[in-house]
Amino acid sequence: MQNENRTIDVHILTGFLGSGKTTLLSRLLEAYELQGLKAAVVMNELGDVNLDGLAVESNVPMAELLGGCICCSIRGDLSLELKQLVDQHAPDVVIIEATGAANPFEMIDGVTESALYAPIELKSIIAVVDGPELLARSRSGGQTFKLMKEQIRCASQLLLNKVDRLEVDERLQAEQLMRETNGYAPIAATVRCAVDEQWLEAIVNGNGGALGTTAHESGASAGEQAHSHAHAHEHSHACGPDCNHDHDHHHVHESHAHVMSLTHFLTNPVDSHAFEAFLRALPDNVYRAKGVVTFRDSETASRFLFQYAYKETDFIRINPQGKVNDVAVFIGEHFSREAVLHKLNELERMD
Ligand SMILES: Nc1nc2c(ncn2[C@@H]2O[C@H](COP(=O)(O)OP(=O)(O)OP(=O)(O)O)[C@@H](O)[C@H]2O)c(=O)[nH]1
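Residues numbered from 1 in each chain as written. Predicted model: local features only at pLDDT ≥ 70, side-chain atom pairs only at ≥ 80, totals over all residues.

Attention shifts here to the overall build of the protein. Looking only at helices and strands, the protein features eleven helices and 13 strands. Burial statistics for the protein: of 351 residues in total, 44% are counted as buried. A sequence separation of at least 24 residues applies to 73% of the contacts in the protein between residues at least 6 apart. (Helix = DSSP H or I, 4+ residues; strand = E, 2+ residues; numbered from the N terminus. Buried ≥ 20, exposed ≤ 12 C-beta atoms within 10 Å, placed from the backbone. Contact = placed C-beta atoms within 7 Å.)

Here it is, written out as C-alpha coordinates:
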(Lines give C-alpha, C1' and ligand atoms only; values in the text may rest on other atoms or scores of the structure.)
Protein backbone atom coordinates (compact mmCIF):
# COMPACT_ATOMS: atom_id res chain seq x y z
CA MET A 1 0.00 0.00 0.00
CA GLN A 2 1.02 3.56 -0.55
CA ASN A 3 2.90 5.15 2.30
CA GLU A 4 1.38 8.52 3.26
CA ASN A 5 4.60 10.38 2.46
CA ARG A 6 5.57 8.50 -0.66
CA THR A 7 5.01 9.98 -4.04
CA ILE A 8 2.91 8.15 -6.61
CA ASP A 9 4.84 6.88 -9.61
CA VAL A 10 3.54 7.95 -13.00
CA HIS A 11 4.50 6.19 -16.22
CA ILE A 12 3.59 7.45 -19.66
CA LEU A 13 3.06 4.94 -22.45
CA THR A 14 3.63 6.53 -25.79
CA GLY A 15 4.06 5.13 -29.29
CA PHE A 16 2.41 5.43 -32.64
CA LEU A 17 -1.12 4.23 -33.40
CA GLY A 18 -1.44 0.48 -33.01
CA SER A 19 2.14 -0.07 -31.88
CA GLY A 20 1.14 -2.14 -28.82
CA LYS A 21 0.59 0.31 -25.93
CA THR A 22 -2.56 -1.40 -24.66
CA THR A 23 -0.81 -4.77 -24.93
CA LEU A 24 1.99 -3.44 -22.71
CA LEU A 25 -0.51 -1.84 -20.35
CA SER A 26 -2.14 -5.23 -19.71
CA ARG A 27 1.25 -6.74 -18.87
CA LEU A 28 2.12 -3.90 -16.51
CA LEU A 29 -1.24 -4.13 -14.73
CA GLU A 30 -0.71 -7.85 -14.21
CA ALA A 31 2.76 -7.22 -12.79
CA TYR A 32 1.48 -4.58 -10.35
CA GLU A 33 -1.30 -6.87 -9.21
CA LEU A 34 1.18 -9.67 -8.53
CA GLN A 35 3.14 -7.27 -6.33
CA GLY A 36 0.00 -6.26 -4.45
CA LEU A 37 0.26 -2.72 -5.75
CA LYS A 38 -2.74 -0.66 -6.79
CA ALA A 39 -2.49 0.77 -10.28
CA ALA A 40 -4.77 3.37 -11.84
CA VAL A 41 -4.98 4.20 -15.52
CA VAL A 42 -5.56 7.32 -17.59
CA MET A 43 -6.64 6.48 -21.11
CA ASN A 44 -6.67 9.02 -23.88
CA GLU A 45 -8.33 8.28 -27.20
CA LEU A 46 -8.87 10.45 -30.24
CA GLY A 47 -12.24 8.82 -30.82
CA ASP A 48 -15.33 9.27 -28.69
CA VAL A 49 -15.29 5.84 -27.12
CA ASN A 50 -12.70 4.09 -24.99
CA LEU A 51 -12.23 0.69 -26.63
CA ASP A 52 -8.84 0.00 -25.07
CA GLY A 53 -10.57 0.27 -21.70
CA LEU A 54 -12.47 -2.92 -22.49
CA ALA A 55 -9.18 -4.77 -22.22
CA VAL A 56 -8.61 -3.50 -18.67
CA GLU A 57 -10.02 -5.32 -15.61
CA SER A 58 -13.00 -3.48 -14.15
CA ASN A 59 -11.38 -3.23 -10.69
CA VAL A 60 -8.65 -0.93 -12.01
CA PRO A 61 -9.58 2.73 -11.45
CA MET A 62 -9.60 4.45 -14.81
CA ALA A 63 -9.99 7.99 -16.03
CA GLU A 64 -10.92 8.51 -19.63
CA LEU A 65 -10.00 11.49 -21.74
CA LEU A 66 -11.89 11.03 -24.96
CA GLY A 67 -12.47 12.94 -28.15
CA GLY A 68 -9.18 14.79 -28.20
CA CYS A 69 -5.54 14.46 -27.54
CA ILE A 70 -3.92 14.99 -24.14
CA CYS A 71 -1.16 16.98 -25.69
CA CYS A 72 -3.37 19.78 -26.96
CA SER A 73 -7.13 20.11 -26.75
CA ILE A 74 -7.56 18.41 -23.40
CA ARG A 75 -4.23 18.93 -21.74
CA GLY A 76 -5.79 20.85 -18.83
CA ASP A 77 -8.08 17.89 -18.20
CA LEU A 78 -5.09 15.64 -17.62
CA SER A 79 -4.00 17.49 -14.47
CA LEU A 80 -7.54 17.45 -13.18
CA GLU A 81 -8.12 13.77 -13.92
CA LEU A 82 -4.80 12.83 -12.34
CA LYS A 83 -5.64 14.72 -9.18
CA GLN A 84 -9.10 13.17 -8.97
CA LEU A 85 -7.73 9.65 -9.46
CA VAL A 86 -5.19 10.21 -6.71
CA ASP A 87 -7.72 11.73 -4.30
CA GLN A 88 -10.39 9.13 -4.88
CA HIS A 89 -8.40 5.93 -5.22
CA ALA A 90 -4.99 6.55 -3.58
CA PRO A 91 -3.17 4.37 -6.13
CA ASP A 92 0.49 3.37 -5.83
CA VAL A 93 1.05 4.05 -9.49
CA VAL A 94 -0.69 5.75 -12.41
CA ILE A 95 -0.14 4.65 -16.00
CA ILE A 96 -1.10 7.08 -18.73
CA GLU A 97 -1.76 5.63 -22.16
CA ALA A 98 -1.63 8.42 -24.69
CA THR A 99 -3.17 8.42 -28.15
CA GLY A 100 -0.71 7.30 -30.77
CA ALA A 101 -0.85 10.78 -32.22
CA ALA A 102 0.24 12.57 -29.05
CA ASN A 103 3.35 14.62 -28.89
CA PRO A 104 5.04 13.35 -25.74
CA PHE A 105 6.72 16.61 -24.84
CA GLU A 106 3.40 18.36 -24.40
CA MET A 107 2.16 15.48 -22.26
CA ILE A 108 5.18 15.67 -20.03
CA ASP A 109 4.23 19.30 -19.42
CA GLY A 110 0.73 18.15 -18.46
CA VAL A 111 2.04 15.62 -15.94
CA THR A 112 4.59 17.99 -14.51
CA GLU A 113 1.84 20.55 -14.06
CA SER A 114 -0.24 17.98 -12.14
CA ALA A 115 2.65 17.51 -9.74
CA LEU A 116 1.78 20.94 -8.41
CA TYR A 117 -1.54 19.61 -7.09
CA ALA A 118 -0.86 15.96 -6.33
CA PRO A 119 2.12 14.01 -4.87
CA ILE A 120 3.13 12.41 -8.14
CA GLU A 121 6.44 11.80 -9.85
CA LEU A 122 6.99 11.02 -13.50
CA LYS A 123 9.15 7.89 -13.38
CA SER A 124 9.37 6.77 -16.95
CA ILE A 125 8.26 7.44 -20.47
CA ILE A 126 7.98 4.18 -22.30
CA ALA A 127 7.80 4.38 -26.08
CA VAL A 128 6.41 1.33 -27.84
CA VAL A 129 7.78 1.38 -31.37
CA ASP A 130 6.07 -0.52 -34.17
CA GLY A 131 9.17 -2.02 -35.85
CA PRO A 132 7.79 -2.63 -39.36
CA GLU A 133 6.01 0.71 -39.39
CA LEU A 134 9.10 2.61 -38.26
CA LEU A 135 11.11 1.18 -41.15
CA ALA A 136 8.36 1.87 -43.67
CA ARG A 137 7.99 5.47 -42.43
CA SER A 138 11.74 6.05 -42.40
CA ARG A 139 11.73 5.38 -46.15
CA SER A 140 8.84 7.71 -46.90
CA GLY A 141 9.64 10.43 -44.31
CA GLY A 142 6.93 13.00 -43.64
CA GLN A 143 5.04 14.22 -40.58
CA THR A 144 4.31 10.79 -39.17
CA PHE A 145 7.93 9.76 -39.22
CA LYS A 146 8.79 12.99 -37.40
CA LEU A 147 6.18 12.24 -34.73
CA MET A 148 7.48 8.69 -34.33
CA LYS A 149 11.00 10.04 -33.87
CA GLU A 150 9.77 12.49 -31.24
CA GLN A 151 8.11 9.70 -29.34
CA ILE A 152 11.39 7.76 -29.48
CA ARG A 153 13.48 10.77 -28.58
CA CYS A 154 11.68 11.57 -25.34
CA ALA A 155 11.55 8.01 -24.02
CA SER A 156 13.40 6.73 -20.97
CA GLN A 157 12.55 3.16 -22.06
CA LEU A 158 12.21 1.91 -25.62
CA LEU A 159 10.41 -1.19 -26.81
CA LEU A 160 11.03 -2.30 -30.35
CA ASN A 161 7.79 -4.23 -30.78
CA LYS A 162 6.42 -6.55 -33.48
CA VAL A 163 9.85 -8.06 -34.12
CA ASP A 164 7.98 -11.18 -35.28
CA ARG A 165 7.35 -9.19 -38.43
CA LEU A 166 10.99 -8.18 -38.98
CA GLU A 167 13.85 -10.06 -40.62
CA VAL A 168 17.11 -10.08 -38.63
CA ASP A 169 18.71 -7.32 -40.72
CA GLU A 170 15.54 -5.22 -40.50
CA ARG A 171 15.57 -5.55 -36.75
CA LEU A 172 19.16 -4.28 -36.61
CA GLN A 173 18.22 -1.44 -38.91
CA ALA A 174 15.30 -0.46 -36.70
CA GLU A 175 17.46 -0.61 -33.58
CA GLN A 176 20.06 1.56 -35.22
CA LEU A 177 17.45 4.12 -36.20
CA MET A 178 16.17 4.21 -32.65
CA ARG A 179 19.68 4.51 -31.26
CA GLU A 180 20.46 7.41 -33.60
CA THR A 181 17.31 9.18 -32.41
CA ASN A 182 17.77 8.42 -28.72
CA GLY A 183 21.23 7.52 -27.51
CA TYR A 184 20.19 7.01 -23.89
CA ALA A 185 17.19 4.79 -23.40
CA PRO A 186 17.68 1.03 -23.28
CA ILE A 187 15.99 -0.86 -26.12
CA ALA A 188 14.09 -4.10 -25.53
CA ALA A 189 13.04 -6.06 -28.63
CA THR A 190 9.65 -7.69 -28.10
CA VAL A 191 6.80 -9.65 -29.61
CA ARG A 192 3.45 -8.51 -28.19
CA CYS A 193 5.39 -6.42 -25.67
CA ALA A 194 6.58 -9.53 -23.83
CA VAL A 195 9.30 -7.80 -21.80
CA ASP A 196 11.45 -9.89 -19.47
CA GLU A 197 11.13 -10.15 -15.68
CA GLN A 198 14.05 -7.83 -15.01
CA TRP A 199 12.50 -5.10 -17.13
CA LEU A 200 9.12 -5.44 -15.45
CA GLU A 201 10.66 -5.47 -12.00
CA ALA A 202 12.56 -2.27 -12.66
CA ILE A 203 9.40 -0.47 -13.76
CA VAL A 204 7.21 -1.89 -11.00
CA ASN A 205 9.76 -0.98 -8.34
CA GLY A 206 9.97 2.53 -9.69
CA ASN A 207 13.52 2.21 -11.02
CA GLY A 208 12.60 2.34 -14.69
CA GLY A 209 15.07 5.11 -15.39
CA ALA A 210 17.91 3.18 -13.75
CA LEU A 211 18.14 0.50 -16.40
CA GLY A 212 21.24 2.03 -17.89
CA THR A 213 19.91 5.46 -18.85
CA THR A 214 21.80 8.64 -18.16
CA ALA A 215 18.75 10.08 -16.42
CA HIS A 216 19.72 8.48 -13.14
CA GLU A 217 23.42 9.00 -13.52
CA SER A 218 22.84 12.69 -13.89
CA GLY A 219 20.18 12.67 -11.18
CA ALA A 220 17.49 13.89 -13.56
CA SER A 221 13.95 12.53 -13.53
CA ALA A 222 12.38 11.13 -16.68
CA GLY A 223 10.57 14.41 -17.22
CA GLU A 224 13.68 16.51 -16.86
CA GLN A 225 15.59 14.21 -19.15
CA ALA A 226 12.93 14.45 -21.80
CA HIS A 227 12.79 18.20 -21.50
CA SER A 228 16.49 18.57 -21.99
CA HIS A 229 16.17 16.56 -25.19
CA ALA A 230 13.19 18.64 -26.21
CA HIS A 231 15.09 21.87 -26.07
CA ALA A 232 17.62 20.57 -28.51
CA HIS A 233 14.98 19.86 -31.14
CA GLU A 234 12.21 21.62 -32.92
CA HIS A 235 8.69 20.36 -32.33
CA SER A 236 7.35 18.97 -35.56
CA HIS A 237 3.86 18.71 -34.23
CA ALA A 238 1.23 21.19 -35.30
CA CYS A 239 -2.15 21.37 -33.63
CA GLY A 240 -5.00 22.27 -35.88
CA PRO A 241 -8.47 23.34 -34.94
CA ASP A 242 -9.49 21.40 -31.84
CA CYS A 243 -12.28 19.35 -33.11
CA ASN A 244 -15.17 19.27 -35.42
CA HIS A 245 -18.33 17.55 -34.24
CA ASP A 246 -20.82 16.09 -36.62
CA HIS A 247 -24.37 16.19 -35.35
CA ASP A 248 -25.08 12.72 -36.55
CA HIS A 249 -24.16 9.44 -34.91
CA HIS A 250 -20.57 9.74 -36.04
CA HIS A 251 -17.90 12.27 -35.19
CA VAL A 252 -14.80 13.50 -36.91
CA HIS A 253 -11.91 14.99 -34.99
CA GLU A 254 -9.01 16.80 -36.47
CA SER A 255 -7.12 17.64 -33.32
CA HIS A 256 -3.85 17.29 -35.21
CA ALA A 257 -3.15 18.95 -38.47
CA HIS A 258 -2.21 15.65 -40.04
CA VAL A 259 -4.18 13.06 -38.08
CA MET A 260 -7.96 12.63 -38.09
CA SER A 261 -10.36 10.15 -36.58
CA LEU A 262 -13.86 9.05 -37.50
CA THR A 263 -16.20 7.44 -34.97
CA HIS A 264 -19.29 5.69 -36.31
CA PHE A 265 -21.92 3.96 -34.16
CA LEU A 266 -23.35 0.92 -35.90
CA THR A 267 -27.05 0.30 -35.64
CA ASN A 268 -27.14 -3.17 -37.22
CA PRO A 269 -25.10 -6.36 -37.04
CA VAL A 270 -22.78 -7.07 -39.98
CA ASP A 271 -21.57 -10.11 -41.89
CA SER A 272 -18.21 -11.23 -40.50
CA HIS A 273 -16.59 -12.07 -43.86
CA ALA A 274 -17.72 -8.87 -45.52
CA PHE A 275 -16.54 -6.87 -42.52
CA GLU A 276 -13.09 -8.43 -42.52
CA ALA A 277 -12.80 -7.85 -46.27
CA PHE A 278 -13.78 -4.22 -45.71
CA LEU A 279 -11.03 -3.78 -43.09
CA ARG A 280 -8.42 -5.36 -45.33
CA ALA A 281 -9.42 -3.07 -48.18
CA LEU A 282 -9.16 0.14 -46.13
CA PRO A 283 -6.99 2.72 -47.89
CA ASP A 284 -3.35 3.06 -46.86
CA ASN A 285 -3.94 6.38 -45.15
CA VAL A 286 -6.21 4.74 -42.57
CA TYR A 287 -3.61 3.45 -40.12
CA ARG A 288 -5.78 2.16 -37.41
CA ALA A 289 -9.32 0.97 -36.86
CA LYS A 290 -10.92 -0.61 -33.86
CA GLY A 291 -14.31 -1.09 -32.37
CA VAL A 292 -17.07 -3.43 -31.31
CA VAL A 293 -19.29 -5.22 -33.83
CA THR A 294 -22.02 -7.82 -33.74
CA PHE A 295 -21.74 -10.52 -36.39
CA ARG A 296 -25.07 -11.57 -37.79
CA ASP A 297 -23.68 -14.79 -39.27
CA SER A 298 -22.29 -16.22 -36.04
CA GLU A 299 -24.61 -18.63 -34.21
CA THR A 300 -25.50 -16.46 -31.24
CA ALA A 301 -25.05 -13.05 -32.84
CA SER A 302 -21.75 -12.71 -30.94
CA ARG A 303 -20.04 -9.43 -30.26
CA PHE A 304 -16.40 -8.92 -31.09
CA LEU A 305 -13.74 -6.37 -30.31
CA PHE A 306 -11.92 -5.82 -33.58
CA GLN A 307 -8.48 -4.37 -34.19
CA TYR A 308 -6.91 -3.29 -37.43
CA ALA A 309 -3.39 -1.95 -37.68
CA TYR A 310 -1.44 -1.75 -40.92
CA LYS A 311 -3.38 -4.38 -42.84
CA GLU A 312 -3.49 -6.87 -39.95
CA THR A 313 -6.82 -7.69 -38.32
CA ASP A 314 -7.61 -9.24 -34.97
CA PHE A 315 -11.00 -10.26 -33.51
CA ILE A 316 -11.66 -11.09 -29.88
CA ARG A 317 -15.08 -12.34 -28.71
CA ILE A 318 -16.33 -10.16 -25.86
CA ASN A 319 -19.16 -10.25 -23.38
CA PRO A 320 -19.34 -6.68 -22.08
CA GLN A 321 -20.80 -6.19 -18.60
CA GLY A 322 -22.13 -2.66 -18.90
CA LYS A 323 -23.74 -1.02 -21.90
CA VAL A 324 -21.32 -0.96 -24.82
CA ASN A 325 -22.46 0.24 -28.22
CA ASP A 326 -21.42 -1.25 -31.52
CA VAL A 327 -18.95 1.25 -32.86
CA ALA A 328 -16.09 1.59 -35.32
CA VAL A 329 -13.28 4.11 -34.96
CA PHE A 330 -10.90 4.93 -37.79
CA ILE A 331 -7.68 6.91 -37.43
CA GLY A 332 -5.49 8.09 -40.25
CA GLU A 333 -4.39 11.00 -42.34
CA HIS A 334 -6.75 12.87 -44.65
CA PHE A 335 -8.82 9.85 -45.62
CA SER A 336 -12.25 10.17 -47.15
CA ARG A 337 -14.80 9.82 -44.39
CA GLU A 338 -17.59 9.66 -46.96
CA ALA A 339 -16.05 6.60 -48.58
CA VAL A 340 -15.63 4.81 -45.23
CA LEU A 341 -19.16 5.72 -44.11
CA HIS A 342 -20.60 4.61 -47.43
CA LYS A 343 -19.02 1.16 -47.04
CA LEU A 344 -20.19 0.90 -43.44
CA ASN A 345 -23.75 1.74 -44.44
CA GLU A 346 -23.59 -0.98 -47.07
CA LEU A 347 -22.37 -3.48 -44.51
CA GLU A 348 -25.18 -2.52 -42.11
CA ARG A 349 -27.92 -2.93 -44.70
CA MET A 350 -29.88 -6.02 -43.74
CA ASP A 351 -31.07 -7.06 -47.22
N1 LIG B 1 2.22 -9.14 -35.23
C2 LIG B 1 2.19 -8.50 -34.05
N3 LIG B 1 1.05 -7.86 -33.67
C4 LIG B 1 1.06 -7.20 -32.48
C5 LIG B 1 2.21 -7.17 -31.63
N6 LIG B 1 1.91 -6.42 -30.54
C7 LIG B 1 0.62 -6.01 -30.69
N8 LIG B 1 0.09 -6.50 -31.85
C9 LIG B 1 -1.27 -6.27 -32.38
O10 LIG B 1 -1.36 -4.93 -32.84
C11 LIG B 1 -2.67 -4.41 -32.63
C12 LIG B 1 -2.60 -3.12 -31.83
O13 LIG B 1 -2.16 -3.40 -30.49
P14 LIG B 1 -2.56 -2.44 -29.27
O15 LIG B 1 -1.85 -2.95 -28.05
O16 LIG B 1 -4.02 -2.27 -29.19
O17 LIG B 1 -1.89 -1.07 -29.79
P18 LIG B 1 -2.07 0.42 -29.23
O19 LIG B 1 -0.75 1.07 -29.36
O20 LIG B 1 -2.68 0.37 -27.85
O21 LIG B 1 -3.12 1.03 -30.26
P22 LIG B 1 -3.81 2.51 -30.17
O23 LIG B 1 -4.39 2.62 -28.77
O24 LIG B 1 -4.87 2.48 -31.22
O25 LIG B 1 -2.78 3.51 -30.47
C26 LIG B 1 -3.46 -5.52 -31.93
O27 LIG B 1 -4.20 -6.21 -32.90
C28 LIG B 1 -2.36 -6.39 -31.33
O29 LIG B 1 -2.79 -7.72 -31.16
C30 LIG B 1 3.41 -7.86 -32.06
O31 LIG B 1 4.46 -7.87 -31.42
N32 LIG B 1 3.32 -8.49 -33.29
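This part covers the environment of Ala127. As for its placement among the helices and strands, Ala127 is situated in strand E5 (residues 120-130). C-alpha of Ala127 to C-alpha of Leu159: the two residues are 32 residues apart in sequence and 6.2 Å apart in space. Excluding residues within four positions of it along the chain, Ala127 makes contact with Thr14, Gly15, Gln151, Ile152, Ala155 and Leu158.

Two quantities define a packed helix pair, namely the angle between the axes and the distance from one axis to the other. Between helix H4 (residues 131-140) and helix H6 (residues 168-181), whose axes approach to 10 Å, the crossing angle comes to 70°. Our classification of the angle between H4 and H6 gives roughly perpendicular. Facing H4, whose interface residues are Gly131, Leu134, Leu135 and Ser138, H6 presents Glu170, Arg171, Gln173, Ala174 and Leu177. Split by residue class, the contact of H4 with H6 holds four nonpolar, three polar and two charged. (Axes fitted to C-alpha atoms, helices over the stretch in contact; angles between N-to-C directions. Parallel < 35°, antiparallel > 145°, perpendicular 65-115°, else oblique. Nonpolar A, V, L, I, M, F, W, Y, C, P; charged D, E, K, R; others polar.)

Attention now goes to the site of the ligand. Taken together, 21 residues form the shell around the ligand, and within it Lys21, Thr22, Thr23, Gly100 and Gln307 come nearest. For the shell around the ligand, the secondary structure elements donating two or more residues are helix H1 (21-34) and strand E11 (303-309). In the shell around the ligand, the residues fall into four nonpolar, nine polar and eight charged. Composition of the shell around the ligand by domain shows at least three residues from each of domain 1 (8-231) and domain 2 (266-348). (Near = placed C-beta within 6 Å. Domains from an automatic or database assignment.)

Turning our eyes to something else, we now look at the sheet that holds strand E6 (residues 157-161). The seven strands are arranged E3-E2-E4-E1-E5-E6-E7 in an open sheet whose pairing can be described as parallel. Two strands bound the open sheet, and with one partner strand each, they are strand E3 (62-65) and strand E7 (187-189). Direction aside, the axes of adjacent strands within the sheet are offset by 20° on average. Packing of H6 onto the sheet brings it into contact with E5, E6 and E7, and relative to E6 it is tilted by some 155°. (Pairing = 2+ DSSP bridges.)

Here the focus is the pairing of strand E12 (residues 312-318). Bridging between E11 and E12 involves seven bridges; their strand directions are antiparallel. Residue pairing across strands places Phe304 opposite Arg317, the latter belonging to E12. Between E11 and E12, which pair antiparallel and follow one another directly, the connecting turn spans two residues, one of which, Tyr310, has a positive phi of 50°.

A word on helix H5 (residues 142-153). The end-to-end C-alpha distance of H5, which contains twelve residues, comes to 17 Å, matching closely the 16 Å that a straight helix rising 1.5 Å per residue would cover. Within H5 the residues assigned to the buried category are Thr144, Leu147, Met148, Lys149, Glu150, Gln151, Ile152 and Arg153. (Expected span 1.5 Å × (residues − 1).)

Another aspect to go through is the confidence of the model for the protein. Residues at a pLDDT of 70 or more form 71% of the protein, whose mean pLDDT is 77. Predicted confidence is poor over residues 210-221, with pLDDT under 50, and the contacts of this stretch with residues over four places away or in other chains come to 20 contacts. Below a pLDDT of 50 lies the segment residues 223-257, which in the model reaches 75 contacts outside its immediate sequence neighbourhood of four places, other chains included. Here the predicted complex carries an ipTM of 0.98, next to a pTM of 0.72. (pLDDT = per-residue confidence, 0-100.)

Here the focus is helix H7 (residues 197-204). Within the sequence span of H7, burial applies to Trp199, Ile203 and Val204. Axial view of H7: buried residues confined to an arc of 125°, hence all on one face. Every exposed residue of H7 that faces more than 90 degrees away from the buried side is listed here: Glu197 and Gln198. Residues of H7 that are buried sit in contact with strand E1 (8-14), H1, E5 and E7. (Arc of directions from axis to C-beta.)

Before going further, it helps to examine unusual backbone geometry. In the Ramachandran plot, Ala90 falls in the positive-phi region, its phi being about 40° despite a non-glycine side chain. Within the element layout of this structure, Ala90 appears in the loop between helix H2 (75-89) and strand E4 (93-97). A positive phi is found at Arg192, a non-glycine position, where the angle reads about 50°. Within the secondary structure, Arg192 is located in the loop between E7 and H7. The class for Arg192 is partly exposed, based on 13 C-beta atoms found within 10 Å.

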